[in-house]
Amino acid sequence: MRLTLYTDYSLRVLIFLAAKPEDELSTVAEISEAFTISKNHLTKVVHELGKAGFIETVRGRGGGIRLKVRPEHINIGNVVRKTEDDFQLVECFNRESNQCVLAPACRLKGVLQEALQAYLAVLDRYTIEDFVQNKDEIGLLLFPR
C-alpha cells in the first residue's frame, strides 16, 4: 500500500503543528519552507484539514493555523481514512469496474482485504502525539534559528 502525497503532506502538517508550542501559530509559508513543499499544495491540504476539524485558522494580522484538537486525539488511521480517496488495492475491489474473470472464484481478494484491514489497524494504534515525543529533535529540524 502506498499513501498519496496528499496524505503524506497532511501528516507532515499535523506533526509540524504538534511540534510547535500550543499557543504559537504557524503559516502555510513556514510549513512550506520547512518541508520544501509547494505552498499551493499545502494550502489545499491545510484547507481540507480545517474542514475535517483537525486544525483551525486564525484570520487577520498575525494570524495563522494551529491544531484544533490535541495531538493525542488525532488518530493516524482516521487521518489516513479521511485523506486517502482510494483503498481499492486491486481491480476486483471495485464491483462496478471489475473485469477480472477470476473474481467469482478468487481467494486473493479476501487476503488482500485482510491485509488492508491489518494495515489500518496498525495505524489506528497511533496518534500524532506518538510522533512528537522527541519535540526537541524535531524542533531542530523544522525550526532552525
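The structure this text deals with has already been given above.
What counts and how
- Residues numbered from 1 in each chain as written.
- Predicted model: local features only at pLDDT ≥ 70, side-chain atom pairs only at ≥ 80, totals over all residues.
- Heavy atoms only, no water.
- Pairing = 2+ DSSP bridges.
- Helix = DSSP H or I, 4+ residues; strand = E, 2+ residues; numbered from the N terminus.
- Phe/Tyr/Trp six-rings, centres within 6.5 Å; stacked < 30°, edge-to-face > 60°.
- Buried < 20%, exposed > 50% of the residue type's maximum accessible area, 1.4 Å probe, protein only.
- Salt bridge = Lys/Arg side-chain N within 4 Å of Asp/Glu carboxyl O.
- 1 Å grid on protein atoms, 1.4 Å probe; cavity = no way out; pocket = protein on both sides within 12 Å on 5 of 7 lines; lining within 4 Å.
- Points joined across faces, edges and corners; volume = space filled by probe spheres on them.
- Nonpolar A, V, L, I, M, F, W, Y, C, P; charged D, E, K, R; others polar.

Asker: Break down the pairing of strand β1 (residues 55–58) for me, with residues and values.
Answerer: As paired elements, β1 and strand β2 (residues 64–67) share four bridges and run antiparallel to each other. Of the residues in β2, the one forming a bridge with Glu 56 is Arg 66. Hairpin connection between β1 and β2: a loop of five residues separates the two successive antiparallel strands, and Gly 60 in this loop has a positive phi of roughly 95°.

Asker: Requested: an account of the environment of Leu 116, with residues and values cited.
Answerer: Structurally, Leu 116 is set in helix α5 (residues 108–124). As for Leu 116 and Gln 88, which are separated by 28 residues in sequence, their C-alpha atoms are 9.4 Å apart.

Asker: Help me get a handle on the packing of aromatic side chains, residues and values and all.
Answerer: Summed over the entire model, instances satisfying the criterion amount to three aromatic pairs. Summarising the aromatic geometry, the rings of Phe 16 and Phe 143 are spaced 5.0 Å apart at their centres and angled 75° between planes, so their arrangement reads as edge-to-face. In this pair, Phe 16 is assigned in helix α1 (residues 5–19) and Phe 143 in the segment after α6 (135–142), connecting sequence segments 127 residues apart. Between Tyr 126 and Phe 131 the ring centres are 6.0 Å apart and the planes differ by 35°, which places this aromatic pair in the tilted class. Owing to a relative accessible area of 33%, Tyr 126 belongs among the partly exposed residues under this scheme. Members of the aromatic cluster, each reached through a chain of ring pairs, are Phe 16, Phe 35 and Phe 143.

Asker: Tell me about the pattern of salt bridges, and name the residues and values.
Answerer: As a working rule, side chains carrying opposite charge can pair if their charged atoms are close by. Taken as a whole and assessed by the stated rule, the structure comprises eight salt bridges. We note a salt bridge from Asp 8 to Arg 12, for which the minimum N-O separation is 2.9 Å. Here the residue Asp 8 and the residue Arg 12 both occupy positions in helix α1, the gap between them amounting to four residues, near one helical turn. With relative accessibility at 27%, the residue Asp 8 sits in the partly exposed group. What emerges from the salt-bridge pattern is a single network uniting Lys 20, Glu 24 and Glu 30.

Asker: Pulling in residues and values, what's your account of the layout of surface pockets?
Answerer: Roughly 240 Å³ of volume is contained in the largest pocket. Lining the largest pocket are 17 residues, and of these Leu 17, Lys 20, Glu 22, Leu 67 and Pro 71 sit closest to its centre. Of all the secondary-structure elements, those providing two or more residues to the lining of the largest pocket are α1 and β2. Take the lining of the largest pocket: its biggest share by element is three residues, from β2. Residues of the lining of the largest pocket, tallied by class, amount to seven nonpolar, one polar and nine charged. Taken as a whole, the second largest pocket encloses approximately 180 Å³ of empty space.

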